[in-house]
Amino acid sequence: MLSAIGRAFRTPDLRRKLLFTLGIITIFRLGAFIPAPGVDYGNVQECLALGNTEGGLYQFVNLFSGGALLQVSIFALGIMPYITASIITQLLRVVIPRFQELHQEGAQGQSQLTQYTRYLTIALGLLNATTLVSLARSGALLGNCPVPIIPDDSLITILLLIITLTAGTGLIMWMGELITERGVGNGMSLLIFTAIAAGFPTSLGEILRTQGAMVFTFVLLMGVVVVALVIFVEQSQRRIPVQYAKRMVGRRTLGGSSTYIPIKVNMAGVIPVIFASSMLYLPSLIAQFNTPQDGTAPAGWVNWISTYLTSGDHPLYMLMYFLLIVFFTYFYVAITFNPDEVSENMKKYGGFIPGIRAGRPTAEYLQYVLSRITLPGAIYLGLVALIPLIALVAIGANQNFPFGGTSILIMVGVGLETVKQIDAQLQQRHYEGLLR
């Protein structure tokens, strides 16, 4: 393994790509600690020291920004606007026929969809920046902190702050695309990986400080087991054999080859967990806006939401979280994998599944296999997502527990994909790749 890494750095072209990627990642991490204009950094640290920023939106968005959100830095919005824009663009293919046509046009259509995603990212970044600044001005961003985060809240300062945060989102998006084009690839995913990995030392250090060495050792051992299981499931797939009939084109014989359609156990990735987390945050957000500020008792339904749906340590919250993940897994897989389209493409090129007639029977068979394999994938996602919530109850760790939930799913998935890309580039120049 070490010799393979050394061989990668001895290859000039690959070394240049790796160093370029590391340089962009360094800039991305530095931006997470540069305060935005008009923000009092000392007051921000004083507010964070109070420890009122646990739970809900804070931990979820702060996870994807690498801690930049709660630092109110120039990269405070992180990669979330781009993730949201990408998901929206993908979902719009079902609603808007033009988007589906662009998706089927190949490279040119994909380029147009990418451009739409960029525009939507900037628009969402502007909206998120306005919301963030409003929360910072009112003091609600960091748990009703008594000291002002933005001492000078004049119109010029507010506009400059909103523009800076939006520009930070655009800069992150551009850096991700640079890594994809000139680095090792997978640019946006690598930036998300970096943002999540940056929080691991802090989370582990907090467990060691508050729970002791024995619990810390147990958490590390459990983390190794969880990572191994996640890698096993992420690599698991159901291979449906496909045979292509021979055909004559002029004097040449084409086809006659055998291949397969790989259907992964976890086809939805981490998207269902993001959807479920966002949906469960809405009740607490509604309750927060309906809580009286004059000290009077809130309404009964507000108390019910605050008791059962705000903190992740209640069994009802865990059950709803699990069921939402299962639902969104089926929903997202149904949108992204179209058995009718796959069957039509196979029929067009003379392909068929052995023992299954081409056309409608093939689509029905693919739908049957997909529905059967999505169930264990959905249960797996739900169980992995519940690990931080169970840790919150068992050892008192916060919901940013490192070995579980969104963080471990993204890190393992991106790590595997990046290793495969580096391995493929190594095998273009050597017979041996990064992994034997």
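Residues numbered from 1 in each chain as written. Predicted model: local features only at pLDDT ≥ 70, side-chain atom pairs only at ≥ 80, totals over all residues. Heavy atoms only, no water.

Visitor: I'm lost on the overall build of the protein chain in this one. Help?
Guide: On a plain count of helices and strands, the protein chain comes out with 18 helices and five strands. In the protein chain, which comprises 436 residues, the share counted as buried stands at 44%. Sequence-distant contacts in the protein chain: of pairs separated by 6 or more residues, those separated by 24 or more amount to 68%. If you sum the accessible surface of the protein chain, you get close to 22,500 Å²; carbon and sulfur atoms cover 64% of it. (Helix = DSSP H or I, 4+ residues; strand = E, 2+ residues; numbered from the N terminus. Buried < 20%, exposed > 50% of the residue type's maximum accessible area, 1.4 Å probe, protein only. Contact = heavy atoms within 4.5 Å. Areas by Shrake-Rupley, 256 points an atom, 1.4 Å probe, with all protein chains shown as cover.)

Visitor: Any chance you could explain the packing of aromatic side chains here in plain terms?
Guide: Any two aromatic rings considered together are summarised by their centre-to-centre distance and by the angle between their planes. For the structure shown, the criterion picks out seven aromatic pairs. Ring geometry for Phe28 versus Phe75: centroids 6.2 Å apart, planes at 25°, classification stacked. Separated by 47 residues along the polypeptide, Phe28 in helix α2 (residues 12-31) and Phe75 in the loop between α5 (68-71) and α6 (80-95) bring together distant segments of the chain. Summarising the aromatic geometry, the rings of Phe99 and Tyr116 are spaced 5.5 Å apart at their centres and angled 25° between planes, so their arrangement reads as stacked. Of the two residues, Phe99 sits in helix α7 (residues 97-104) while Tyr116 sits in helix α8 (residues 107-138), which places them 17 residues apart along the sequence. With a relative accessible area of 31%, Tyr116 lands in the partly exposed category. Counting every residue linked through ring pairs, the aromatic cluster contains Phe275, Phe327, Phe328 and Phe331. (Phe/Tyr/Trp six-rings, centres within 6.5 Å; stacked < 30°, edge-to-face > 60°.)

Visitor: When you look at the pattern of salt bridges in this model, what are you seeing that I'm missing?
Guide: For side chains of opposite charge, pairing can occur when their charged atoms come near one another. Scanning the model with the defined rule gives five salt bridges in all. Notably, a salt bridge pairs Glu101 with Arg98, separated by 3.7 Å at the nearest N-O pair. Pair noted here: Glu101 and Arg98 are both in helix α7, with a separation of three residues, about one helical turn. Owing to a relative accessible area of 42%, Glu101 belongs among the partly exposed residues under this scheme. According to the relative accessible area criterion, Arg98 is partly exposed, its value standing at 42%. Because the salt bridges share partners, they merge into one network encompassing Asp340, Arg360 and Glu364. (Salt bridge = Lys/Arg side-chain N within 4 Å of Asp/Glu carboxyl O.)

Visitor: Got a minute to help me understand the pairing of strand β1 (residues 237-244) in this structure?
Guide: Strand residues, when the strand is regular, have side chains that alternate between the two faces of the sheet. Taken together, the seven bridges between β1 and strand β4 (residues 258-264) define a ladder with antiparallel strand orientation. Of the residues in β4, the one forming a bridge with Arg238 is Ile263. One ladder, built from two bridges, connects β1 with strand β5 (residues 351-352); its direction is antiparallel. Bridge assignment links Gln243 to a residue of β5, and that residue is Phe352. (Pairing = 2+ DSSP bridges.)

Visitor: Honestly, helix α12 (residues 213-235) in this entry has me stumped. Any pointers?
Guide: An α-helix turns once every 3.6 residues. As a result, residues three or four positions apart point the same way. Here α12 contains 23 residues, and its C-alpha end-to-end distance of 33 Å stays within 8% of the 33 Å for a straight helix at 1.5 Å per residue. By the burial criterion, the buried members of α12 are Phe216, Val219, Gly223, Val226, Val230, Val233 and Glu234. (Expected span 1.5 Å × (residues − 1).)

Visitor: Just to check I follow, could you spell out the side chain of Glu177 for this structure?
Guide: As for its placement among the helices and strands, Glu177 is situated in helix α9 (residues 155-182). Note on Glu177: relative accessible area 18%, which makes it buried.

Visitor: Is there a simple way to think about a nonpolar patch on the surface in this case?
Guide: A contiguous nonpolar surface patch, about 340 Å² in accessible area, is contributed by Tyr330, Leu375, Ile379 and Leu383. With three residues, the single largest contributor to the nonpolar patch is helix α17 (residues 360-394). Turning to its location among the elements, Leu375 is positioned in helix α17. For Leu375, a relative accessible area of 41% gives the class partly exposed. (Patch = residues over 30% accessible without salt bridge, like charges linked within 9 Å, V, L, I, M, F, W, Y side chains within 5 Å.)

Visitor: What is the right way to look at the environment of Leu319 in this model?
Guide: Assignment of secondary structure puts Leu319 in helix α15 (residues 315-336). Residues Leu319 and Leu386, 67 residues apart in the sequence, show an inter-C-alpha distance of 9.4 Å.

Visitor: Would you mind going over the sheet that holds β4 with me for this structure?
Guide: The strands making up a sheet associate through hydrogen bonds between their backbones, and the pairing can be parallel or antiparallel. The strand order across the open sheet formed by three strands is β4-β1-β5, and the pairing between neighbours is antiparallel. Whereas interior strands pair on both sides, the edge strands pair on one side only; in this sheet they are β4 and β5.

Visitor: Hey, could you run me through the packing of helix α11 (residues 200-211) against α12 in this one?
Guide: Axis angle and axis distance: for two packed helices, these are the angle between their axes and the distance between the axes, and together they describe the pair. Axis separation between α11 and α12 bottoms out at 7 Å; the angle between their running directions is 145°. The segment α11 lies against α12, with Leu204, Ile207, Leu208 and Gln211 engaging Ala213, Val215, Phe216, Val219 and Leu220. Residue classes in the contact of α11 with α12 are distributed as eight nonpolar, one polar and no charged. (Axes fitted to C-alpha atoms, helices over the stretch in contact; angles between N-to-C directions. Nonpolar A, V, L, I, M, F, W, Y, C, P; charged D, E, K, R; others polar.)

Visitor: Quick question: what am I supposed to make of the side chain of Thr194 here?
Guide: Inspection of the secondary structure assignment puts Thr194 in helix α10 (residues 187-197). Among the residues examined, Thr194 registers a relative accessible area of 11% and is labelled buried. Dropping the residues within four chain positions of it, Thr194 is found in contact with Ile25, Phe28 and Arg29.

Visitor: Would you take a moment to explain α10 for this structure?
Guide: For α10, the buried fraction is high: eight of the 11 residues fall into the buried class. All of the buried residues in α10 are Gly187, Met188, Leu190, Leu191, Ile192, Thr194, Ala195 and Ile196.

Visitor: What exactly am I supposed to notice about the nonpolar core here?
Guide: One recurring pattern in soluble globular proteins: nonpolar side chains tend to sit buried together. Of all hydrophobic cores here, the largest spans 70 residues; its most connected members are Val230, Ile263, Val273, Tyr321 and Leu409. Tallying contributions element by element places α17 first for this core, with 11 residues. (Core = buried A, V, L, I, M, F, W, Y, C linked by side-chain atoms within 4.5 Å.)

Visitor: Got a minute to help me understand the packing of α6 against α15 in this structure?
Guide: Look at α6 against α15: their axes get within 10 Å of each other, and the N-to-C directions meet at 65°. In this view, α6 runs roughly perpendicular relative to α15, as classed from their interaxial angle. α6 and α15 meet at a crossing whose hand is left-handed. Where α6 abuts α15, its residues Gln90, Leu91 and Val94 lie against Phe331, Tyr332, Ile335 and Thr336. Class assignment for the residues of the contact of α6 with α15 results in five nonpolar, two polar and no charged. (Parallel < 35°, antiparallel > 145°, perpendicular 65-115°, else oblique. Left-handed = near helix turned anticlockwise from the far one by under 90°.)

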